[in-house]
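Residue strings, one per chain:
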Amino acid sequence: MNYMPGTASLIQDIDKKHLVLLRDGRTLIGYLRSIDQFANLVLHQTVERIHVGKKYGDIPRGIFVVRGENVVLLGEIDLEKESDTPLQQVSIEEILEEQRVEQQAKQESEKLKVQALKERGLSIPRADTLDEY
């Protein structure tokens, strides 16, 4: 097998099912149809998979173009082991509700942490102000 540098090594993975983890935390699963020198991807029959605890739900997204700089992880899915998951698949509505509840709990926890730090005279800079120059 010849070594191909950079994204050229992914040519052999065209038309195979892949999982893509994005920088914003989303997980996409689809068939890799195209890739370029910037690692931009085109995924076909894509679903966005949402995990909450031991449950997951798939939201159909169709054809998905992903800018290479947003890809954190790209991995081929073993089709034989794909169904061997300890996770329970639930409906889209149910997983979105579970996600909303989890995010609310996380926000409440964050508020309590900030309040406890404030009482001790400490503060954490807000995440949305960290990127400002």
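Residues numbered from 1 in each chain as written. Predicted model: local features only at pLDDT ≥ 70, side-chain atom pairs only at ≥ 80, totals over all residues. Heavy atoms only, no water.

As recorded in an unreviewed UniProt entry, the chain goes by U6 snRNA-associated Sm-like protein LSm1 and comes from Gopherus evgoodei. What UniProt states about the chain under its Sequence similarities (unreviewed entry) heading is, verbatim, "Belongs to the snRNP Sm proteins family." One UniProt comment on the chain, placed under Subunit (unreviewed entry), says "Interacts with SLBP; interaction with SLBP occurs when histone mRNA is being rapidly degraded during the S phase. LSm subunits form a heteromer with a donut shape." (UniProt positions renumbered as here; feature names shortened; annotations may be inferred.)

The next subject is the nonpolar core. In terms of nonpolar packing, the biggest core is built from 10 residues, these being Leu10, Val20, Leu22, Leu28, Leu32, Ile35, Leu41, Leu43, Phe64 and Val66. Secondary structure elements with two or more residues in this core: β1 (17–22), β2 (27–35), β3 (41–52) and β4 (55–66). When residues in this core are grouped by element, the largest group, 3 residues, is from β2. With near-sequence residues (within four places) excluded, Phe64 lies in contact with Arg26, Leu28, Leu41, Val42, Leu43 and Thr46. Judged by nonpolar contacts, the second largest core, of 5 residues, contains Ile50, Val52, Ile59 and Val90. (Core = buried A, V, L, I, M, F, W, Y, C linked by side-chain atoms within 4.5 Å. Buried < 20%, exposed > 50% of the residue type's maximum accessible area, 1.4 Å probe, protein only. Helix = DSSP H or I, 4+ residues; strand = E, 2+ residues; numbered from the N terminus. Contact = heavy atoms within 4.5 Å.)

Tracing the chain through its elements places Arg49 in strand β3. There is a polar contact of 2.7 Å between the side chain of Arg49 and the side chain of Asp58. Among residues more than four places away in sequence, those in contact with Arg49 are Thr27, Ile29, Tyr56, Gly57 and Asp58. (Polar contact = N/O pair within 3.5 Å; in protein donor to acceptor, adjacent residues only side chain to side chain.)

Attention now moves to helix α1 (residues 92–119). Taking 1.5 Å of rise per residue, the 28 residues of α1 would be expected to cover 40 Å, and the 41 Å separating its terminal C-alpha atoms lies within 8% of that figure. Immediately beyond the C-terminal end of α1, within one or two residues, lies Gly121, with a positive phi of roughly 80°. (Expected span 1.5 Å × (residues − 1).)

What follows covers the sheet that holds strand β5 (residues 71–76). Across the sheet, which stays open at both edges, the 6 strands sit in the order β5-β1-β2-β3-β4-β6 with mixed pairing between neighbours. The sheet is open, and its two edges are formed by β5 and β6 (88–89), each paired on a single side. Relative to β6, β4 is paired through 2 bridges, and the arrangement is parallel. Pairing of Lys55 across the sheet is with Gln88, part of β6. Packing against the sheet, α1 makes contact with β3 and β4, and its axis sits at approximately 100° to β4. (Pairing = 2+ DSSP bridges. Axes fitted to C-alpha atoms, helices over the stretch in contact; angles between N-to-C directions.)

Another point: the pattern of salt bridges. Throughout the structure, instances matching the rule amount to 10 salt bridges. Here Asp58 and Arg49 are joined by a salt bridge, their closest N and O atoms 2.7 Å apart. Across the pair Lys113 and Glu110 runs a salt bridge, and its minimum N-O distance is 4.0 Å. With Lys113 and Glu110 both in helix α1, this residue pair falls 3 residues apart, about one helical turn. Taking relative accessible area as the criterion, Lys113 reaches 44% and is therefore assigned partly exposed. By relative accessible area, which is 38% here, Glu110 ends up partly exposed. Through salt bridges with shared partners, a single ionic network connects Lys55, Glu94 and Glu98. (Salt bridge = Lys/Arg side-chain N within 4 Å of Asp/Glu carboxyl O.)

As for its position among the elements, Glu82 is in the loop between β5 and β6. Given the relative accessible area of 30%, Glu82 is considered partly exposed. Excluding anything up to four places from it in sequence, Glu82 contacts Lys17 and Ile77.

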